[in-house]
Amino acid sequence: MNAVVFYSNTGQSKAIAEHFANQLGYPLADMETKCAEHYQNLVLVFPVHCQNIPDVVKNFLKNISVDNLTAIATYGKMCCGNVLHEIQKNYQKNIVAGAYIPTKHSYIDNDDAFCAFDTLKPIVEKVKEPSYISLPKLYKNPLADIFPKLRNRLGITIQKSANCSGCNLCAEHCSFGAIKSGITNRQCIRCLKCVESCPRQALKIKLGLPLKLYLRKKKINKVIIYA
Ligand SMILES: Cc1cc2nc3c(=O)[nH]c(=O)nc-3n(C[C@H](O)[C@H](O)[C@H](O)COP(=O)(O)O)c2cc1C
């Protein structure tokens, strides 16, 4: 089968996946619902987390086979790491196209969503007429692999306000069983799906000073396309 499959917590990757599904006429599927095991043409859209491939995406890639893979990584204009090269090296060799797309950063309120959809045309064309490519290695901070989830947990707190009605929708949306009645546990990776899913905006994030300063650094607003 052909499909566009996405992993998305705050909607940025989902919006880009929807664009590819519309352009290609492929069905759109959330990675966290049961997916097929074999794909002829697969467009995979996911966010960069701490310069790495999120674990959900790694598990998905381990359990499928693909004839022609297009891998699209969204990133919050800080650093996209080297995730596409890592996918080709460690999981799926048959890559026909790839892109790093700068989007709104999950932790920055006044940031812009991606809107330059015209720049993605070469990817759509390449999916339609596939041939394999090799994805180059990009810079990744050597410290990025040291306890990334722990560093994230320490850098960000999720706080419950009096608006919480105890509906537990946050727990239903969490992929990791990491929140109950608005209180996070050690499984939490701070992906913010709970914050997004709360109908009463009862969950807020608080960034620690080092992360606040890091997020003030100059942004990289660059679409990188391999096709
Ligand atoms: C846990 C976590 C880690 C992140 N790490 C990075 C990063 O290393 N570099 C970066 O530029 N953006 C980073 N971001 C920002 C996301 O990659 C970006 O906002 C992405 O578009 C979110 O996609 P989504 O809305 O589909 O979840 C991170 C976001 C989260 C939640």
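None of the values given here were measured: they were computed from a predicted structure.

Looking at the protein, the domain boundaries give domain 1 (2-141 + 219-226) and domain 2 (145-214). A separation of 24 Å is found between the C-alpha centroids of domain 1 and domain 2. Listed as interface residues are 16 residues of domain 1 and, on the opposing side, 17 residues of domain 2. Summed over both partners, the interface of domain 1 with domain 2 comes to about 1300 Å²; 51% of that surface belongs to carbon and sulfur atoms.

Excluding glycine, most residues fall at negative phi; most peptide bonds, likewise, are trans. In the Ramachandran plot, Lys-77 falls in the positive-phi region, its phi being about 65 degrees despite a non-glycine side chain. Unusually for a residue other than glycine, Leu-192 sits at a positive phi of about 75 degrees. Inspection of the secondary structure assignment puts Leu-192 in the loop between strand 8 (183-184) and helix 7 (193-197). According to the relative accessible area criterion, Leu-192 is buried, its value standing at 5%.

A few words now on a nonpolar patch on the surface. A contiguous nonpolar surface patch, about 550 Å² in accessible area, is contributed by Leu-143, Ile-146, Phe-147, Leu-150 and Leu-154. Within the fold, Leu-143 resides in the loop between helix 4 (121-128) and helix 5 (148-155). Given the relative accessible area of 54%, Leu-143 is considered exposed.

Calculation notes
Residues numbered from 1 in each chain as written. Predicted model: local features only at pLDDT ≥ 70, side-chain atom pairs only at ≥ 80, totals over all residues. Heavy atoms only, no water. Domains from an automatic or database assignment. Contact = heavy atoms within 4.5 Å. Buried area = accessible area lost by both parts, 1.4 Å probe. Helix = DSSP H or I, 4+ residues; strand = E, 2+ residues; numbered from the N terminus. Buried < 20%, exposed > 50% of the residue type's maximum accessible area, 1.4 Å probe, protein only. Patch = residues over 30% accessible without salt bridge, like charges linked within 9 Å, V, L, I, M, F, W, Y side chains within 5 Å. Areas by Shrake-Rupley, 256 points an atom, 1.4 Å probe, with all protein chains shown as cover. Salt bridge = Lys/Arg side-chain N within 4 Å of Asp/Glu carboxyl O.

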